[in-house]
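Structural features, examined
Next come the chains, spelled out residue by residue.
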Amino acid sequence: MNTNVVWHQTAVTKEERRQRNGHHSCVLWFTGLSGSGKSTVANAVSKKLFDLGIQNYVLDGDNVRHGLNKDLGFSAEDRTENIRRIGEVAKLFVDSGQFVLTAFISPFAQDRALVRGLVESDEFIEIYVKCPLEECEKRDPKGLYQKARNGEIRNFTGIDSPYEAPEAPELIIDTHLHSIHQCADQVIAYLRDRHFIKEDL
Ligand SMILES: Nc1ncnc2c1ncn2[C@@H]1O[C@H](COP(=O)(O)OS(=O)(=O)O)[C@@H](OP(=O)(O)O)[C@H]1O
Ligand SMILES: Nc1ncnc2c1ncn2[C@@H]1O[C@H](COP(=O)(O)OP(=O)(O)O)[C@@H](O)[C@H]1O
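Just so you know, the residues in each chain are numbered from 1, in the order the chain's sequence is written. All chains are assigned letters beginning with A, and all ligands numbers beginning with 1, in the order in which they are written. Whole-chain, interface and lining totals are the exception, using all residues; otherwise, since this is a predicted model, local features are given only for residues with pLDDT of at least 70 and side-chain atom pairs are given and counted only at 80 or more. The side-chain figures draw on all heavy atoms in the structure; neither hydrogens nor water molecules are used.

**A look at the UniProt feature "domain: APS kinase" (unreviewed entry) in the protein chain**
Here is the rule: UniProt positions are given in the numbering used here, feature names are shortened, and annotations may be inferred rather than shown by experiment. A helix here means a DSSP run of H or I that spans at least four residues, while a strand means a run of E at least two residues long, and both kinds are numbered starting from the N terminus.
Taken from the UniProt record, the annotation "domain: APS kinase" (unreviewed entry) applies to residues 25–174. Secondary structure across residues 25–174 divides into 42% helix and 18% strand, with the first and last C-alpha atoms of the span separated by 25 Å.

So, in structure tokens, the structure goes:
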């Protein structure tokens, strides 16, 4: 760590940004197996928030791994570093007064706990995108499970790399039981219940 670097207080505060935006800011942390529906539901929620006038942005596993984290692979160490960096980016989004929706497998409970600890307790909502492995394999939107089963990809989550399901997430959405629209509405209902979305919106 560089001890000559000091945190610079910004001229505009998080509270002032929230007031200008007319809403709170927080992390919606989607976690689940590949193909469980993280990206699909996060984007559906993003659109609904956008239509309500809520500033938000989706950070997606595939996209971030093309840029910021293109030096990282899928070993346990690299996944941990992947999530740590995303957590820091998510924190900046919260500071900017926006909702940030993250769609990463984030298979390790300890890594998710680390991110939770980066922000305030009312700024982190862990959403377990629950879907049985068999269903994810059936969907196999990118054909990666097939490759993992054929031994063409190693350390694939759910096949030969572990996924630690959240023990106490704020929300669980069962994407094999409900439609995309229903799952997105479940997230929006949670946000309304907890006043992350104001009553008049
Ligand atoms: N070995 C292995 N295991 C899991 N996933 C793999 C692997 N190799 C490539 N992919 C593709 O990368 C996406 C997962 O990236 P993440 O950054 O979300 O993973 S992690 O949180 O660091 O575990 C994941 O995307 P999603 O399907 O959107 O989850 C896969 O498309
Ligand atoms: N209820 C649902 N929620 C989310 N995705 C669903 C649902 N039902 C079917 N799907 C399909 O499952 C796939 C999920 O893929 P994706 O969102 O990329 O998952 P992930 O980001 O978790 O890897 C998509 O093809 C999507 O259309």
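Okay, back to it.
**Notes on the side chain of Asp-60**
For clarity, the threshold we go by: Any two residues whose heavy atoms approach within 4.5 Å at even a single point are treated as in contact.
Relative to the helices and strands, Asp-60 resides in strand 2 (residues 56–60). Beyond its immediate sequence surroundings of up to four residues, Asp-60 is in contact with Ser-39, Ala-103 and Phe-104.

**Quick notes on the state of the cysteines**
Stated formally: The term disulfide is used for any two cysteine sulfur atoms that are within 2.5 Å. For every residue, the accessible area (1.4 Å probe, protein chains only) is compared with the maximum for its type, and the residue is labelled buried under 20%, exposed over 50%, or partly exposed between those bounds.
Taken as a whole and judged by the stated rule, the model has zero disulfides. Cys-183 provides the cysteine sulfur closest to Cys-26, a residue in no disulfide bond, and the two sulfurs are 19 Å apart. A relative accessible area of 0% places Cys-26 in the buried class. A disulfide-free cysteine, Cys-131 has its sulfur positioned 3.8 Å from the sulfur of Cys-136, the nearest such atom.

**Concerning the layout of surface pockets**
Definition in use: A cavity here means a set of 1 Å grid points, computed over protein atoms only, where a 1.4 Å probe fits but cannot escape. A pocket is an open set with protein on both sides within 12 Å along at least 5 of 7 lines, and lining residues have an atom within 4 Å of a point. Grid points are joined across faces, edges and corners, and a volume is the space filled by probe spheres set on the points. Polarity classes work like this: nonpolar for Ala, Val, Leu, Ile, Met, Phe, Trp, Tyr, Cys and Pro, charged for Asp, Glu, Lys and Arg, and polar for all others, with Gly in that last group.
There is about 750 Å³ of room inside the largest pocket. The wall of the largest pocket is formed by 37 residues, among which Ser-34, Gly-35, Lys-38, Ile-105 and Lys-142 lie closest to the centre. Elements with a minimum of two residues in the lining of the largest pocket: helix 2 (38–51), helix 3 (61–66), helix 4 (76–95), helix 7 (144–149) and helix 8 (180–193). Considering every element that reaches the lining of the largest pocket, the biggest residue donor is helix 2, with four residues. In terms of residue class, the lining of the largest pocket is built from 14 nonpolar, 14 polar and nine charged.

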